[in-house]
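# Chains, contacts and geometry: an overview
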Amino acid sequence: MTNIEKYTNAFVEALEIKEEQVEGLEYQAINEWDSVGHMTLIAAIEDAFDIMMDTDDIIDFSSYEKGKEILTANYEVQF
């Protein structure tokens, strides 16, 4: 599984949404991505990439695209 597939799958599994919904998705744009959904998503991403995200990065993680930027810049995940 590629990194983009792992990343997308984390959204699909954690937020219980369809794969078509993840592109362009932003925090609180859907009911599933509330504060509880956010922590579930972060946990899924941490598990998928075997990382522990910094608190500031968790707070800044505001969209599907922003998450890719954070993972690339701070956790050496390449997409």
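I will try to describe carefully the structure that is included in this document.

## Details of the nonpolar core
Counting residues in hydrophobic clusters, the biggest one holds 23 residues, and the most contacted among them are Phe11, Leu41, Ile45, Met53 and Phe61. Of all the elements in the fold, those that place two or more residues in this core are α1 (3–15), α2 (35–49) and α4 (64–75). Every residue in contact with methionine 53, bar those within four places of it in the chain, is listed here: Ile42, Ile45, Glu46, Ile58, Phe61, Ile70 and Tyr75.

## Thoughts on α2
Here α2 is 15 residues long and its end C-alpha atoms lie 21 Å apart, about the 21 Å a rise of 1.5 Å per residue gives. Burial in α2 covers these residues: Gly37, His38, Leu41, Ile42, Ile45, Glu46 and Phe49. Its buried side turned inward, α2 meets α1, α3 (55–60) and α4. Capping the start of α2, aspartate 34 holds a side-chain oxygen 3.2 Å from the backbone nitrogen of valine 36, two or three residues further along. After α2 finishes, the residue aspartate 50 shows a positive phi value of roughly 50 degrees.

## Overview of the packing of aromatic side chains
Inspection of every chain in the model, using the stated rule, returns 9 aromatic pairs. Measuring from ring centre to ring centre gives 5.1 Å for phenylalanine 11 and tyrosine 64, while their planes differ by 65 degrees; the resulting arrangement is edge-to-face. With phenylalanine 11 in helix α1 and tyrosine 64 in helix α4, this pair connects stretches of sequence that are 53 residues apart. Of the two residues examined, phenylalanine 11 and tyrosine 64, each falls in the buried class. Here the aromatic rings of phenylalanine 49 and phenylalanine 79 are separated by 6.3 Å at their centres, their planes lie at 80 degrees, and the arrangement is edge-to-face. Here phenylalanine 49 is found in helix α2, whereas its partner phenylalanine 79 is found in the segment after α4, with 30 residues between them in sequence. Here phenylalanine 49 falls in the buried class, since its relative accessible area comes to 12%. On the basis of relative accessible area, phenylalanine 79 is assigned to the partly exposed category, the value being 40%.

## A closer look at α1
Within an α-helix, residues lying three or four positions from one another point in the same direction, as the helix has 3.6 residues per turn. Compared with an ideal rise of 1.5 Å per residue, which puts 13 residues at 18 Å, α1 spans 18 Å between its outermost C-alpha atoms and is within 8% of the ideal. When α1 is considered as a whole, its buried residues turn out to be Tyr7, Thr8, Ala10, Phe11, Ala14 and Leu15. The buried residues of α1 occupy an angular sector of 145 degrees when the element is viewed end-on, so they sit on one face. Positive phi appears at glutamate 16, one or two residues downstream of α1, with a value of about 55 degrees.

What counts, and at which threshold
- In this numbering scheme, every chain counts its residues from 1 along its sequence in written order.
- Totals for whole chains, interfaces and linings use every residue, but because this is a predicted model, local features are given only for residues with pLDDT of at least 70 and side-chain atom pairs only at 80 or more, for both listing and counting.
- In computing side-chain properties, one takes all heavy atoms of the structure into account and sets aside hydrogens as well as water.
- Among buried residues, those of type Ala, Val, Leu, Ile, Met, Phe, Trp, Tyr and Cys that are joined through side-chain atoms within 4.5 Å constitute a nonpolar core.
- With a 1.4 Å probe rolled over the protein chains alone, any residue whose accessible area is under 20% of its type maximum counts as buried; one over 50% counts as exposed, and the rest are partly exposed.
- Secondary structure counts use DSSP, requiring at least four H or I residues in a row for a helix and at least two E residues in a row for a strand, with both numbered from the N terminus.
- For this analysis, residues touch if any pair of their heavy atoms sits within 4.5 Å.
- By definition here, a helix of n residues has an expected span of 1.5 Å times n minus one.
- Under the rule applied, a polar contact is a pair of N or O atoms within 3.5 Å (in protein, one hydrogen donor and one hydrogen acceptor; residues adjacent in sequence only if both atoms are side-chain atoms).
- Aromatic rings from Phe, Tyr and Trp, taking only the six-membered ring of Trp, are treated as a pair when their centres fall within 6.5 Å; an angle between ring planes under 30 degrees marks them as stacked, one over 60 as edge-to-face, and anything in between as tilted.
- In this context, the arc is that of the directions from the helix axis out to the C-beta atoms.

From the geometry alone we can't say anything about function, so treat these as descriptive.
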